[in-house]
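This is what each chain is made of:
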Amino acid sequence: MNKKETAEIKKNFSDKSGFFIMEKVLTGFIDAEKNIRYHKVNSCVAMPNEEHDVYEETLKKVLNTSVGKNFCEYEFPNEAYEEGNPQEILYSLLKSELKDDAVCERFLKHIADNLVTECPYTIITAYCCYTIRHKDKNDESYNDEEEVYRYLLTAVCPVSTGTDGFIFDSSNNEIFKKINKELIISKAPSDGFLYPVFSNRSSDVNHVMYYSKSASKPNISMVENVLGCNFIMSAENEKASFQNIIKDVVGDDLDYMVIKTVNEKLQEFEEANKDDTDKTVIDNNKLKDILTDIGIPNERVQMVEPVFEKVCGNVPLTVSNLVENKTVLATTGITVNIKPDYADKVRTSVIDGRKCLLIDIDDPTIEINGLPVSLK
């Protein structure tokens, strides 16, 4: 499921679109001891607008268009569709349209038994229908044979009592500490998923999209235990893997200019592919081309393939996860942040036997701790 397909589903996740219906919503509260304390299925047709809007606002956050970062596609392994396994549980829930209470309970119990989390949470799952508008070669919509994409959208919402503090009681004109005992359900899901995926303008029941509020800290138990899929690298891990590859391949030739130029090449590659619907990735062949272009010796470039395979298993890396928006130079007691447009003003050099960081300053006046200082 690419960025364009995700954006289409998100854009039309509203009754106002005319092509979308959120028919029913299953809500369940699971306490810290993994007990299902409450569950209920509500019809969205008879639901008050205020309540409907909160469900819509919360669930829509799962449809994150940062595909490959916060919103990642996973393929179910073959055994996942066996009786009692994750894909079979999800498919049964989808086919039930949330009308079978036993199927709904089994789904909630599966999550309660397998999701690892530090606090109580609420599960919100909506059964939705989207009428697919077929498009011609000019990307214009037309109606031929009507097809309906039916899907489940699930949000895992943390529950807490909020922050205790002081309040002013206007009736008694006094200030006192309020103790909040109400369990508040967050409208910002920590995790979620879309099943089945919307791919090539059709439904694909063999894949699922997993959402994580924190791209660098996904909940692996949701991916592996709840969804039954093999976890792939997070954005943070992809960046760390790429850095290890560069470090091992370039070796002693790794300096400021190499790091800066590699990052610029990645930015150029991402920009050149910005209109592609699929995420832009880099494999060992593309990395070879980049290192060759910037002048890394051929014997070093030939190390890319075995090192890449060792670190990533030849799985391509998402370019947007690798690009640095600023350059950070750090040594003991000193950290320098450099914006992309000013990277060329910084150099490293050896002067009188000492390793130095040089910064070209066009304006002879600089500020130190907010005070202007002239360089004479």
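On a predicted model such as this, the values are computed, not experimentally measured, just so you know. (Residues numbered from 1 in each chain as written. Predicted model: local features only at pLDDT ≥ 70, side-chain atom pairs only at ≥ 80, totals over all residues. Heavy atoms only, no water.)

K.L.:
I would appreciate a short explanation of the environment of Thr318 in the present structure.
P.N.:
Inspection of the secondary structure assignment puts Thr318 in strand S14 (residues 317-318). Expressed as a C-alpha distance, the spacing of Thr318 and Ile179, which sit 139 residues apart in the sequence, is 46 Å. Ignoring any residue separated from it by four or fewer positions in sequence, one finds Thr318 in contact with Glu238, Lys279, Thr280 and Val281. (Helix = DSSP H or I, 4+ residues; strand = E, 2+ residues; numbered from the N terminus. Contact = heavy atoms within 4.5 Å.)

K.L.:
Help me out: how do you make sense of empty space enclosed by the protein in this one?
P.N.:
The gaps of empty space that remain are located by a probe, the size of a water molecule, rolled over the atoms. Applying the stated criterion across every chain, the model contains 1 cavity of 30 Å³ or more. Empty space within the largest cavity amounts to approximately 80 Å³. Lys69, Cys72, Tyr74, Tyr210, Ser212, Ala215, Pro218, Phe231, Ile232, Met233, Ser234 and Ala235 together form the lining of the largest cavity. Of the residues assigned to the lining of the largest cavity, the class counts are 9 nonpolar, 2 polar and 1 charged. (1 Å grid on protein atoms, 1.4 Å probe; cavity = no way out; pocket = protein on both sides within 12 Å on 5 of 7 lines; lining within 4 Å. Points joined across faces, edges and corners; volume = space filled by probe spheres on them. Nonpolar A, V, L, I, M, F, W, Y, C, P; charged D, E, K, R; others polar.)

K.L.:
Is there a simple way to think about the layout of surface pockets in this case?
P.N.:
In this structure, the largest pocket occupies an estimated 870 Å³ of space. Lining the largest pocket are 30 residues, with Tyr256, Ile259, Thr327, Val328 and Leu329 positioned closest to its centre. Per-element tally for the lining of the largest pocket: the top contributor is helix H7 (residues 256-272), with 7 residues. By residue class, the composition of the lining of the largest pocket is 17 nonpolar, 6 polar and 7 charged.

K.L.:
Just checking my understanding: could you explain the nonpolar core for this structure?
P.N.:
The tendency in soluble globular proteins is for nonpolar side chains to be buried as a group. The biggest cluster of nonpolar side chains holds 33 residues, and the ones touching the most others in it are Phe107, Tyr121, Ile123, Phe193, Val208, Met222 and Leu227. Per-element accounting of this core gives the leading share, 6 residues, to helix H4 (residues 101-114). Sequence-distant contacts of Tyr121, defined by excluding residues within four places in its chain, comprise Gly28, Phe29, Ile30, Ile111, Ala112, Leu115, Val156, Cys157, Pro158 and Val159. Formed by 28 residues, the second largest nonpolar core is a distinct cluster that contains Met22, Leu63, Ile124 and Tyr211. (Core = buried A, V, L, I, M, F, W, Y, C linked by side-chain atoms within 4.5 Å. Buried < 20%, exposed > 50% of the residue type's maximum accessible area, 1.4 Å probe, protein only.)

K.L.:
Before we go on, may I ask you to explain the packing of aromatic side chains in this structure?
P.N.:
Any two aromatic rings considered together are summarised by their centre-to-centre distance and by the angle between their planes. If you walk through the whole model with that rule in mind, you get 7 aromatic pairs. Seen from their ring centres, Phe76 and Tyr195 are 5.8 Å apart, and the 80° between their planes marks the pair as edge-to-face. Highlighted residues: Phe76 in the loop between strand S3 (71-75) and helix H3 (86-96) and Tyr195 in strand S9 (residues 191-195), separated in sequence by 119 residues. Classification of Tyr195 as buried rests on a relative accessible area of 0%. Aromatic pair Tyr149 and Phe198: ring centres 5.1 Å apart, planes at 35°, arrangement tilted. Highlighted residues: Tyr149 in strand S5 (residues 141-160) and Phe198 in strand S10 (residues 197-199), separated in sequence by 49 residues. Exposure remark for Phe198: the relative accessible area of 0% places this residue in the buried category. Grouping aromatic residues by their ring pairs yields a cluster made of Tyr130, Tyr149, Tyr151 and Phe198. Across the ring face of Phe269, the terminal group of Lys286 is positioned such that the distance to the ring centre comes to 4.5 Å. (Phe/Tyr/Trp six-rings, centres within 6.5 Å; stacked < 30°, edge-to-face > 60°. Lys NZ or Arg CZ within 6 Å of the ring centre and 35° of its normal.)

K.L.:
Help me understand the pairing of strand S1 (residues 20-30), please; the structure alone is not making it clear to me.
P.N.:
Regular strands show a simple pattern: their side chains alternate between the two faces of the sheet. The buried fraction of S1 amounts to 8 of the 11 residues, a majority that puts the element mostly inside the structure. Connecting the antiparallel pair S1 and strand S2 (residues 36-43) is a turn made up of 5 residues, with Lys34 showing a positive phi of about 70°. (Pairing = 2+ DSSP bridges.)

K.L.:
Help me understand the packing of helix H8 (residues 284-293) against helix H10 (residues 304-312) in this model?
P.N.:
Relative orientation and spacing of two packed helices are given, respectively, by the angle between their axes and the distance between those axes. Their axes nearest at 9 Å, the elements H8 and H10 cross at an angle of 135°. With respect to their mutual orientation, H8 and H10 come out oblique. Of the two possible hands of crossing, H8 and H10 adopt the one that is right-handed. Where H8 approaches H10, its residues Asn284, Leu287, Lys288 and Leu291 are matched on the opposing element by Val304, Glu305 and Phe308. Of the residues in the contact of H8 with H10, the class split is 4 nonpolar, 1 polar and 2 charged. (Axes fitted to C-alpha atoms, helices over the stretch in contact; angles between N-to-C directions. Parallel < 35°, antiparallel > 145°, perpendicular 65-115°, else oblique. Left-handed = near helix turned anticlockwise from the far one by under 90°.)

K.L.:
Please clarify how a negative patch on the surface should be interpreted in this entry.
P.N.:
On the surface, Asp252, Asp253, Asp255 and Glu299 cluster together into a patch of negative charge. Note that Asp255 resides in the loop between helix H6 (235-250) and H7. A relative accessible area of 37% means that Asp255 is categorised as partly exposed. (Patch = residues over 30% accessible without salt bridge, like charges linked within 9 Å, V, L, I, M, F, W, Y side chains within 5 Å. Areas by Shrake-Rupley, 256 points an atom, 1.4 Å probe, with all protein chains shown as cover. Salt bridge = Lys/Arg side-chain N within 4 Å of Asp/Glu carboxyl O. Lys, Arg positive; Asp, Glu negative; His and termini not counted. Charge placed at Lys NZ, Arg CZ, Asp CG, Glu CD.)

K.L.:
Can you walk me through H7 in this structure?
P.N.:
Quick reminder: α-helices carry 3.6 residues per turn. Residues three or four places apart thus point the same way. Over its 17 residues, H7 extends 24 Å from the first C-alpha to the last, a length consistent with the 24 Å expected when each residue adds 1.5 Å. Where H7 is concerned, the buried positions are Tyr256, Val258, Lys260, Thr261, Val262, Asn263, Leu266 and Phe269. Against H6, strand S13 (281-282), H8, strand S15 (327-331), strand S16 (334-338) and strand S17 (346-351) lie the buried residues of H7. Two to three positions downstream of the cap, the backbone nitrogen of Met257 sits 3.3 Å from a side-chain oxygen, assigning the N-cap of H7 to Asp255. (Expected span 1.5 Å × (residues − 1). Polar contact = N/O pair within 3.5 Å; in protein donor to acceptor, adjacent residues only side chain to side chain.)

Geometric descriptors of this kind do not, in isolation, establish any biological role.
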